Amino acid sequence: METKLLNASQLDVAAHIIKNGGVVAMPTETVYGLAANALNGAAVEKIFAAKGRPADNPLIVHISEPSQLDSLVSEVPQKARMLSDAFWPGPLTIILPRSDVIPQQVSAGLDTVAVRCPSHPIARELIRLSYPLAAPSANLSGSPSPTTVQHVIDDMNGRIDAIIDGGDCAVGVESTVITLAGDVPRLLRPGGITHEQLEAVIGTVEVDKAVVNPLPEGAQAASPGMKYKHYSPKADVILINGTEQQFIDYVNSHSADGTAALCCSEDVGALRVPYEVLGDIDDMSEHARKLFSALRKADERGWRTVYARCPEKSGVGLAVYNRMVRAAGFEIIEL
Ligand code: AMP
Ligand code: MG
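Cut-offs used in this document
Residues numbered from 1 in each chain as written. Chains lettered and ligands numbered in written order. Predicted model: local features only at pLDDT ≥ 70, side-chain atom pairs only at ≥ 80, totals over all residues. Heavy atoms only, no water. Salt bridge = Lys/Arg side-chain N within 4 Å of Asp/Glu carboxyl O. Helix = DSSP H or I, 4+ residues; strand = E, 2+ residues; numbered from the N terminus. Buried < 20%, exposed > 50% of the residue type's maximum accessible area, 1.4 Å probe, protein only. Pairing = 2+ DSSP bridges. Axes fitted to C-alpha atoms, helices over the stretch in contact; angles between N-to-C directions. Contact = heavy atoms within 4.5 Å. Right-handed = clockwise from strand over helix to strand, strands pointing away. Near = heavy atom within 4 Å. Polar contact = N/O pair within 3.5 Å; in protein donor to acceptor, adjacent residues only side chain to side chain. Nonpolar A, V, L, I, M, F, W, Y, C, P; charged D, E, K, R; others polar. Core = buried A, V, L, I, M, F, W, Y, C linked by side-chain atoms within 4.5 Å. Phe/Tyr/Trp six-rings, centres within 6.5 Å; stacked < 30°, edge-to-face > 60°. Lys NZ or Arg CZ within 6 Å of the ring centre and 35° of its normal.

This part covers the pattern of salt bridges. A complete count under the given rule lists 13 salt bridges for this structure. For Asp70, the salt bridge goes to Arg81, with nearest N and O atoms at 2.8 Å. One end of the pair, Asp70, is in the loop between β4 (60–62) and α3 (78–87); the other, Arg81, is in helix α3, with eleven residues separating them in the sequence. Glu206 is the salt-bridge partner of Arg186, the closest N and O atoms lying 3.9 Å from each other. Residue Arg186 is located in strand β10 (residues 186–189), and its partner Glu206 is located in strand β11 (residues 206–207); the two are separated by 20 residues in the primary sequence. Residue Arg186 is classed as partly exposed on the basis of its relative accessible area, which comes to 26%. Classification of Glu206 by relative accessible area gives partly exposed; the value is 39%. Connected via shared salt-bridge partners are Arg186, Glu206 and Asp208.

Structure below.
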């Protein structure tokens, strides 16, 4: 299949493709997404095929106006309204009991649906032209999510109808996912909207165990995506939990060929291995923005072992930790 490369002035072409059951990669403020008509089960199946995504991993439905939530779910509780008023359009996904219009391919057989109203102007305009869109991240299943148009081209060229170039993604990690379908609001995936921000609006929000821990064997995942290996480059990623000096000493004393570091700006002068800087230690939004690019660069450079400095598990740091620890297959060295 020939994949067209489109720009922001060609959204009518993209909308036409989607109306005819095709698949288009679009920029959003989180990561690039692979979009198809959410109400067309056959079109949605093409997303799963292009990504190699397991059929039991449901997709997020994207809307262009918060009010469109009502037709996709069976009821909108007050806490959902409070969250959508506070954070939409933006990088927050809300899970609620689904309405009958949602094809089973989208919800992967669950009785709930995940909905998000993104803020990126290209995504919003494309959704307005072809609402509603089902859209997971536009990477091959298992590899780091795409945050630049080149990442999408690398993974999806020849596999989908078109890619819209919208520049680099501002948040850099996928949306925060919260479920309001159970008794208590529960954070299933941390992202650019933090746990602290959610609690400031609706009170107590539980953090699902799978956010920071490996899923025990045989356990059922609240969010099916969490049970799959994720964000993993070919290199062996290992998290180092310690002070700045302990991190530097550890990496320098394990500096064999093919070893490299994902580090903070503060570490640069002292490291004696190749490295990729994620940002200042106290700027986790910058780490989030750069993490997936850094993981892809690790492979381009043929790095075999990558030591990464363990972030604090608060604020946007929780989202960075969640992605890093999965890239590391939960391998952490405690110093
Ligand atoms: P992606 O679109 O690739 O960023 O992944 C979407 C994430 O949301 C995956 O981890 C899914 O398993 C999760 N998700 C989507 N829909 C639901 C749902 N109805 N219930 C629980 N998790 C969901
Ligand atoms: Mg994904």
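Still to come is the rest of the account.
Below, the discussion takes up the sheet that holds strand β14 (residues 275–279). With respect to topology, five strands assemble into an open sheet ordered β14-β13-β15-β12-β16, the strand pairing being parallel. A strand with exactly one partner marks an edge of an open sheet, and here the two such strands are β14 and β16 (332–334). Taken over all neighbouring pairs, the strand axes of this sheet differ in orientation by 25° on average, direction set aside. Both strand β13 (residues 259–264) and β14 contribute to a ladder of four bridges, which runs parallel. The residue of β14 that forms the bridge with Leu262 is Glu276. The strands touched by helix α8 (residues 244–252) are β12 (236–241), β13, β15 (305–309) and β16; relative to β15, the strand with the most contacts, the crossing angle is about 170°.

In the sheet, strand β9 (residues 176–179) pairs with β10 via three bridges, with the strands oriented antiparallel. Bridge pairing in β10 links Thr179 to Arg186. Between β9 and β10, which pair antiparallel and follow one another directly, the connecting turn spans six residues. Taking the sense of rotation as the criterion, the β-α-β connection linking β10, helix α7 (residues 195–202) and β11 turns out right-handed.

The environment of ligand 1 is made up of 18 residues, and the closest members are Asn57, Thr112, Pro136, Arg189 and Gly225. In the environment of ligand 1, an oxygen atom lies 2.6 Å from a nitrogen or oxygen atom belonging to the side chain of Asn57. Here an oxygen atom of ligand 1 sits 2.9 Å away from a polar atom, N or O, in the side chain of Arg189. Within the shell around ligand 1, the residues separate by chemical class into ten nonpolar, five polar and three charged.

With that settled, consider the side chain of Arg116. With respect to the secondary-structure elements, Arg116 resides in strand β6 (residues 112–116). Exposure remark for Arg116: the relative accessible area of 1% places this residue in the buried category. A polar contact of 2.7 Å, which involves the side chain of Arg116, links it to the side chain of Glu29.

Attention shifts here to the nonpolar core. Grouped together as the largest cluster of nonpolar side chains are 46 residues, with contacts concentrated most on Leu34, Leu83, Leu92, Ile178 and Leu198. Elements with a minimum of two residues in this core: β3 (33–37), α2 (41–51), α3, β5 (92–97), β6, α6 (149–156) and α7. With five residues, the single largest contributor to this core is α2. Other than its neighbours up to four places away in sequence, Leu198 contacts Leu83, Phe87, Leu92, Thr176, Ile178, Leu187, Ile193, Gly203 and Val205. Of all hydrophobic cores here, the second largest spans 29 residues; its members include Val173, Val237, Leu262 and Val306.

A separate point is the sheet that holds strand β1 (residues 4–6). Within a beta sheet, neighbouring strands are joined by backbone hydrogen bonds and run either parallel or antiparallel to one another. Reading across from one edge, β1-β8-β2-β3-β7-β4-β6-β5-β9-β10-β11 is the order of the eleven strands in this open sheet, with mixed pairing throughout. Only two strands of the sheet have a single partner each, and these edge strands are β1 and β11. Across two bridges, the pairing between β3 and strand β7 (residues 133–134) is antiparallel. Residue pairing for β7: Ala36 is matched across the bridge by Ala134. Contacts from α3 reach β5 and β9 within the one sheet, and its direction differs from that of β5 by about 160°. Against the sheet, α6 engages β1, β2 (24–26), β3 and β8 (162–164), with an angle of about 170° to β8.

Before going further, it helps to spend a moment on the packing of aromatic side chains. Within a pair of aromatic rings, the relevant descriptors are the distance that separates the centres and the angle that separates the planes. Under the definition given, this model contains one aromatic pair. Between Tyr250 and Tyr307, the ring centres sit 5.5 Å apart and the planes meet at 85°, which makes this aromatic pair edge-to-face. Here Tyr307 lies in strand β15 and Tyr250 lies in helix α8, a separation of 57 residues in the sequence. The same class applies to Tyr250 and to Tyr307, which are both buried. Just above the ring of Tyr321 sits the side chain of Lys313; from NZ or CZ to the centre is 5.0 Å.

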